[in-house]
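Commentary on secondary and tertiary structure
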Amino acid sequence: MATMTRPLNETRSTCPYCGVGCGVLIESRDGQITGVRGDPEHPANFGRLCTKGSTLHLTASAEVMRQVRLLQPMQRSARGTAPIPFGWDEALDLAADRFAGIIRAHGPNAVGFYLSGQLLTEDYYVFNKLAKGLIGTNNLDTNSRLCMSSAVAGYKQTLGADAPPACYDDVKHADCLFIVGSNTAWAHPILFRRIEDAKRANPAMRIVVADPRRTDTCEIADLHLPLLPGTDVMLFHGMLHLMLREGWTNPGYIAAHTSGFDALAALVAHCSPEKVAQTCGITVDDLVHATRLFASSPATLSLYCMGLNQSSSGTAKNAALINLHLATGQIGRPGAGPFSLTGQPNAMGGREVGGLSNLLPAHRDMANAAHRAEVAAMWGVQDIPAVPGRSAIEMFSAAADGEIKALWIACTNPAQSMPDQATVRRALERAEFVVVQEAFATTATCDFADLLLPATTWGEKEGTVTNSERRISRVRAAVPAAGTARHDWTIGVEFARRLEARLPRRALGTGTLFPYERPEQVWNEHRESTRGRDLDITGLSYSLLEAAPQQWPCPADTICGGPAEGDAAASPAAARPLGRARLYEDGVFPTPDGRARFVATPYRPVAEPREENYPFSLNTGRLRDQWHGMSRTGTLGRLFGHVPEPVLQMHPQDLARRGYAEGQLIEVSSRHGRLVVPVAASAELAPSQAFMAMHWGPEFIGGRGSDGRPMAGVNGLTTPEHCPVSKQPELKHTAVRIARAELPWTMLGMAWLPPGQALAARVALRAQVESLPFFSCVSFGAPGALKDGAAQPTGVLLRVAAHEAPPDAVLAEIERLLGLGGADTLRYADAARRQRRAVRLQRGAAAGDAAHVVGLLLAGDTRAEAWIKALLQDQLPAQDFGRQLLSFEPTAPVAVAARGRTVCSCFGVSETAIAGTLARCAGSDAARLAQLQGTLQCGTNCGSCVPELQRMVRAVPAALPEAA
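Presented here is a report on the structure given in the accompanying data block.

Conventions and cut-offs
Residues numbered from 1 in each chain as written. Predicted model: local features only at pLDDT ≥ 70, side-chain atom pairs only at ≥ 80, totals over all residues. Heavy atoms only, no water. Core = buried A, V, L, I, M, F, W, Y, C linked by side-chain atoms within 4.5 Å. Buried < 20%, exposed > 50% of the residue type's maximum accessible area, 1.4 Å probe, protein only. Helix = DSSP H or I, 4+ residues; strand = E, 2+ residues; numbered from the N terminus. Contact = heavy atoms within 4.5 Å. Polar contact = N/O pair within 3.5 Å; in protein donor to acceptor, adjacent residues only side chain to side chain. Salt bridge = Lys/Arg side-chain N within 4 Å of Asp/Glu carboxyl O. Axes fitted to C-alpha atoms, helices over the stretch in contact; angles between N-to-C directions. Parallel < 35°, antiparallel > 145°, perpendicular 65-115°, else oblique. Left-handed = near helix turned anticlockwise from the far one by under 90°. Nonpolar A, V, L, I, M, F, W, Y, C, P; charged D, E, K, R; others polar. Phe/Tyr/Trp six-rings, centres within 6.5 Å; stacked < 30°, edge-to-face > 60°. Lys NZ or Arg CZ within 6 Å of the ring centre and 35° of its normal.

**Description of the nonpolar core**
In this structure, Leu648, Trp696 and Ile738 are the most contacted members of the largest nonpolar core, which totals 98 residues. A total of five residues in this core trace back to one element, the largest contributor, which is helix H8 (residues 189–201). Ignoring anything within four residues of it in the chain, the contact list for tryptophan 696 reads Gln416, Leu623, Met630, Phe640, Val643, Glu645, Pro646, Val647, Ile701, Gly713, Val714 and Val778. Counting residues in hydrophobic clusters, the runner-up holds 62 residues, among them Phe236, Leu242, Ile322 and Leu583.

Shown next as structure tokens:
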């Protein structure tokens, strides 16, 4: 009898990564996600996806889920012990007992909640009400504090409300794009595709990029301003100085729609072009050119992100840029406006519900007594505390000092992402009770939890998110929850109901404050909270959002273009836009007098300037194919192809001056911590600058110093100094010193492992080497085309360095975990010299198949890595090498052609293949790029690699035309 194939289901949802908010179509069968593609009808992406979004289904495979998901509640009987399974009722009762006991003994401010911009709006809303309404503490903050709080403060200071006034469609209407503090090509790749489209459609568009690094975003720029780190305020003040001097402002707009300009004009009078050029490290000519383009273009759109936000002057940077838009009238019309790009998929939704320690629902201010009264009445509680809660930095500092005694952490990984990890870890260790509500069991923060609660994740969740352009989309579940995982909002509701019975009653009525059984009920309450506010969404409903994503504001007012009271019947069958695409088109702002406000804040240098003991500026940022702490993207070996291992980038001149070689281990130290890491040259940087990706946390790189303290990844170095207004930390600049790491004993272990074992083996390998001075442990994968659909092999790469070799038992366990324990493994050992080799060969199933290296360990002398690593990773035939595989020689006995780094992740195209093909291509740069793409397909799917391809085209000389 023929086996029946169950039908394939397709579910509309959204991508869980950046703030672009792309729509996805999730394919599933038999309760398992099997594929994903871009939703061609979603207005954020129209079917496009980046490398991360295109591989979402692979992160949800059964093999991955079994190894990394938290599938049931777990409890630690004591810190440092392994957690054991726990029932849901017992877990929630324990959490309620512990929190209630601490609140009764020490007051409501002895507890804190730390949430995530990756939660859904419904999740956010429940926890905000739980903390500020039920418990009576404002100690609720989120990791949005690390990415967007300066943008929030900047918009509120100048325009009166936290509301980005522009939309994605403005990119194609702009005549000048001013991109500052954003590597849009990597951080928001699908929006960058729109920028590329707009440039092709309008070659006269001018693009200015202001960034200390020459990133991939600069590939499309007409002008790059390589300003020194932290000097953005001086740059913007200098631009306004020039605008005033040259008559490039819009006096009519200033007079009719703004206030406070005279004070700002007096401040910038001292910011001469020469002073600005010297401070920012740019030329006067480039300053004048950029200013002229910004001010005189018919429509100027600025795009900005973490380079402005993650700063001790973050609010001032945001406000100073918005000042330029107000001074020139570049706001409130197509193609013009200051557009803050949201970092996380629902940081906007969290801001909407008041999910920061100083905010209340619907953009209400905690400092406003009337706003507090409105929220208390809406929630049915006695009051909302008047004192703002502790922000993220303050919360963990208070826990480290013993003032906050219980922490509830949901969907975020502060033991990786927060700055000043020494303080964060002291907080997690000192807190009396730590709850971690998480989908992934492999995050660094899970190691500190007393109670672990399994939450649903992408593909399993139901609710809403809001993207950078204020567009609300429905998130839908394609498959059931894994294991016994529950929705984040559900966990919050069930905990809150238990807490209600254990605390003195703050509610005014007799029923529960949390009567929700479905996420739509939560959202409807949130919707009502927005009535009459700047983000009014009373004209929307779940039913309307089912038809199409919608932008706010969308009030229940047909005169304003909205339907009545979220009535689905008010919308025709065909989806149509209901909300407002652009704000402030009438020049009226949500301030007491209806005018936008200029903000005059003097330039301040970075909090920790470079000096003799710390002569380098460390910057952090994103990689193209990874996301945050990599709890999801880090499960896929193929996403390590572009940047395979953690490195610290330095300018080539700095490497040469100090005598460092590529890949050499160096020690980076700041006032806050230290890290050992390989070094790499990068021409993107200026001299005396360094860069390390934000993703490299203790899950992937670490070790212990001579004092026995563990290194905590890149954020073990970063500073807790933060903006006094937004409380956002200065993750974009830390002064560091760099020295050679003297660790003579090294080891490299690599192996292809079964898909169902590789991730678990990576965790086990890390546990074996955590006490050594340096380790990095990452995945790698085969570089096949994503569209092939075949299962991809997974590999693990472990790199270790120490003063001396670890015990033989440790090396033997590492070999076992790498699959090197069998009789098919070649071995060599020299105990006196602490040298060790193990190489495993394997033939294919068919007769005559070549033998390949599938696992290796090089310990003590790792020079042979230069060629033997390529045999394994590129799966090259190795049967002719025999015992030469155990050689120490740095060169292969016969030539080995390594394929090189992967540039195109979608089709697995390497830099070696690209360079070889380009050498045969003739014609203009555009023609050669087209030939390259036609031959290898690179850059023809998601397009994320196109800027790098363009750079390679320019670097490789064109082939000479063939003679007739």
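Okay, back to it.
**Details of the side chain of threonine 291**
Relative to the elements of secondary structure, threonine 291 occurs in helix H13 (residues 284–296). For threonine 291, a relative accessible area of 0% puts it in the buried group. A distance of 2.7 Å separates a polar atom in the side chain of threonine 291 from the backbone oxygen of leucine 287. What threonine 291 contacts, discounting residues up to four positions off in sequence, is Met239, Leu242, Met243 and Trp248.

**A look at the pattern of salt bridges**
Counted under the stated rule, the structure contains 59 salt bridges. Residues arginine 48 and aspartate 197 are paired through a salt bridge, measuring 2.8 Å at the closest nitrogen-oxygen approach. Placement of arginine 48 in the loop between strand E3 (32–38) and helix H1 (51–54) and of aspartate 197 in helix H8 is noted, with a sequence separation of 149 residues between them. Residue arginine 69 pairs with glutamate 460 through a salt bridge whose shortest N-O separation is 2.9 Å. One end of the pair, arginine 69, is in the loop between helix H3 (62–68) and strand E4 (74–75); the other, glutamate 460, is in the loop between strand E18 (451–454) and strand E19 (463–466), and 391 residues separate them in sequence. By relative accessible area, arginine 69 is classed as buried at 5%. The buried category is assigned to glutamate 460, whose relative accessible area is 6%.

**Things to note about helix H20 (residues 421–430)**
Listed in full, the buried residues belonging to H20 are Gln421, Thr423, Val424, Arg425, Ala427 and Leu428. Considering only its buried residues, H20 is in contact with helix H18 (392–400), strand E16 (406–410), helix H19 (414–417) and strand E17 (433–438).

**Points about the packing of helix H5 (residues 121–135) against helix H21 (residues 488–500)**
Look at H5 against H21: their axes get within 8 Å of each other, and the N-to-C directions meet at 20 degrees. Taken as axis vectors, H5 and H21 run roughly parallel relative to one another. Crossing angle aside, the handedness with which H5 passes H21 is left-handed. The residues of H21 that touch H5, namely those facing Glu122, Asp123, Val126, Phe127, Leu130, Leu134 and Ile135, are Asp488, Trp489, Gly492, Val493, Phe495, Ala496, Leu499 and Glu500. Within the contact of H5 with H21, the residues separate by chemical class into 10 nonpolar, one polar and four charged.

**Looking at the packing of aromatic side chains**
What describes a pair of aromatic rings is the distance from one ring centre to the other and the angle between the planes of the rings. Summed over all chains, the structure comprises 24 aromatic pairs. For the ring pair tyrosine 17 and tryptophan 627, a centre distance of 5.8 Å and an interplane angle of 55 degrees mean the geometry is tilted. Residue tyrosine 17 is located in the loop between strand E1 (9–14) and strand E2 (23–29), and its partner tryptophan 627 is located in the loop between strand E23 (616–621) and strand E24 (648–650); the two are separated by 610 residues in the primary sequence. Measuring from centroid to centroid gives 5.6 Å for tryptophan 523 and tyrosine 542, while their planes differ by 50 degrees, and the two rings are tilted. With tryptophan 523 in helix H22 (residues 519–529) and tyrosine 542 in helix H23 (residues 542–547), the pair connects residues that are 19 residues apart, well separated along the chain. In textbook terms, an aromatic cluster arises when at least three aromatic residues are bridged by ring pairs, as seen for Phe99, Phe113, Phe127, Trp408, Phe433 and Phe495. The side chain of arginine 213 reaches across the aromatic face of phenylalanine 691, ending 3.7 Å from its centre.

**Quick notes on unusual backbone geometry**
The step from tryptophan 552 to proline 553 runs through a cis peptide bond, and the omega angle for that step is 5 degrees. Here proline 553 is to be found in the loop between strand E21 (550–551) and strand E22 (596–597). Backbone geometry places tyrosine 584, a non-glycine residue, at a positive phi of 65 degrees. Mapped onto the elements of the fold, tyrosine 584 is located in the loop between E21 and E22. Taking the relative accessible area as the measure of exposure, tyrosine 584 reaches 9% and is therefore buried. Positive phi, close to 55 degrees, is recorded for glutamine 875, a residue that is not glycine. One can find glutamine 875 in the loop between helix H27 (865–873) and strand E36 (902–904). Classification of glutamine 875 by relative accessible area gives partly exposed; the value is 37%.

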